[in-house]
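Architecture at a glance
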Amino acid sequence: MSPVVVVGDTALDVVVRHATPIAWGDDTLGETTLRSGGAAANAAAWLAHLGEQVTLVSRVGDDAAAAQARTELTGRGVQCVFTVDPTASTGCVVVLVDATGQRTMFPDRGTNALLRPTDLPPLDGARHLHLSGYVLLDKATREAGMAILAAARASGLTTSVDPQSAALVDDTFLTAIQGIDLLLPNHDEYLALGGRNVLDAVSAAAVTRGEHGAYWVDRDGVVEEPAVPTECVDTTGAGDAFNAGALRAWLRGATPRAVLRAGAEAGALAVSRVGAQPLSRR
């Protein structure tokens, strides 16, 4: 098992870039690509790109989308531990990207909604587990996510979670993340969880604010870091890339400011290109 384990969604992203506003109910010209995606897969891909040894644990279908995801992720240096479930299709996300790089997503979780605690392999050799918040936001997989976090802690691993969606978090989410070491929300998610009240459940939070940078919150106070200037082409996966950069620095004992800077640098690299994952190593 790799030192870092990422658990959660793997999907096929159908990315549609459109230079003009969408003509709802009519035709809008666009440029379409098919790429591997999913929040957990994205974070794992960026961790590998940054030089981390990483294992991705996910549930996929017995289909072409899963085969493409495995090929692309393996090519990016990710070790894939997939449970193949023939009862449903691999997750799929339609991503609409406008001329400013902002994205709108239509996710179908597919087999991701069938994740089970038994999908987690033995954690021998691992030191950290990162869980995608989508696992905890979906009632179908919440108990599995909590069991996976508990198993990681019982094995002596540190843990982290990205909440993923401000609109979906509620009080049960704070209960689900009780005891994790690092929370990785964006600003809206942080506020939805009660702001500094999250410190009743977690040890620290590294909070992103897009072009306004990021800030670190723990019981010692708040540390802020500006964004890294870059041209914004596609914001898809920017938060996942930030997570990868921040986690890699944090696992090496970096200061909060250095953790934020590493996350911001990875996020800036992500938005400067199309797609949620870095280029293949091969």
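For the structure, check the block above.
Because the structure is predicted, anything quoted here is derived from the model rather than measured.

Digging into the packing of aromatic side chains
Within the structure shown, the criterion is met by one aromatic pair. Relative to Y215, the ring of Y190 lies with its centre 5.7 Å away and its plane at 80 degrees, an arrangement referred to as edge-to-face. Of the two residues, Y190 sits in helix α6 (residues 187-192) while Y215 sits in strand β12 (residues 214-218), which places them 25 residues apart along the sequence. The same class applies to Y190 and to Y215, which are both buried.

Structural notes on the pairing of strand β6 (residues 91-97)
Across the seven residues of β6, five count as buried, placing the element largely inside the fold. Sheet analysis places β6 next to strand β7 (residues 103-108), joined by six bridges and oriented antiparallel. Residue pairing for β7: V94 is matched across the bridge by F106. Taking the residues that link successive antiparallel strands as the turn, the β6-β7 hairpin has five residues, and the phi of G101 there is positive, at about 90 degrees.

Quick notes on the state of the cysteines
Any covalent bond linking the sulfur atoms of two cysteines counts as a disulfide. Enumeration over the complete set of coordinates arrives at zero disulfides. C80 carries a free sulfur, and the closest cysteine sulfur to it, the one in C92, is 18 Å from it. Judged by its relative accessible area of 15%, C80 falls in the buried class. With a relative accessible area of 26%, C92 lands in the partly exposed category.

Side note on helix α1 (residues 39-49)
A large share of α1 lies buried, amounting to ten of its eleven residues. By the burial criterion, the buried members of α1 are A39, A40, A41, N42, A43, A44, A45, W46, L47 and A48. Backbone geometry just downstream of α1 places G51 in the positive-phi region, at approximately 105 degrees.

Some points on the sheet that holds β7
The mixed open sheet is built from four strands, whose spatial order is β3-β2-β6-β7. Only two strands of the sheet have a single partner each, and these edge strands are β3 (31-37) and β7. The average angle at which neighbouring strand axes cross in this sheet is 20 degrees, direction not considered. By the bridge criterion, seven bridges tie strand β2 (residues 11-17) to β6 in an arrangement that is parallel. Residue pairing across strands places D13 opposite V93, the latter belonging to β6. Of the strands in this sheet, β2 and β3 touch helix α2 (residues 64-75), which is tilted by about 75 degrees from β3.

A closer look at helix α4 (residues 142-154)
The terminal C-alpha atoms of α4, which comprises 13 residues, lie 18 Å apart, in line with the 18 Å expected from a rise of 1.5 Å per residue. Buried within α4 are the following residues: R142, A144, G145, I148, L149 and A152. Looking straight down α4, one finds its buried side chains confined to an arc of 165 degrees; they lie on one side. The outward face of α4, more than 90 degrees from its buried face, is lined by the exposed residues E143 and A154. Taken together, the buried residues of α4 touch β1 (4-7), β8 (128-132), α3 (134-137), β9 (158-162) and α5 (171-176). G156, located one to two residues past α4, shows a positive phi value of around 85 degrees.

Definitions and limits used
Residues numbered from 1 in each chain as written. Predicted model: local features only at pLDDT ≥ 70, side-chain atom pairs only at ≥ 80, totals over all residues. Heavy atoms only, no water. Phe/Tyr/Trp six-rings, centres within 6.5 Å; stacked < 30°, edge-to-face > 60°. Helix = DSSP H or I, 4+ residues; strand = E, 2+ residues; numbered from the N terminus. Buried < 20%, exposed > 50% of the residue type's maximum accessible area, 1.4 Å probe, protein only. Pairing = 2+ DSSP bridges. Disulfide = S-S within 2.5 Å. Axes fitted to C-alpha atoms, helices over the stretch in contact; angles between N-to-C directions. Contact = heavy atoms within 4.5 Å. Expected span 1.5 Å × (residues − 1). Arc of directions from axis to C-beta.

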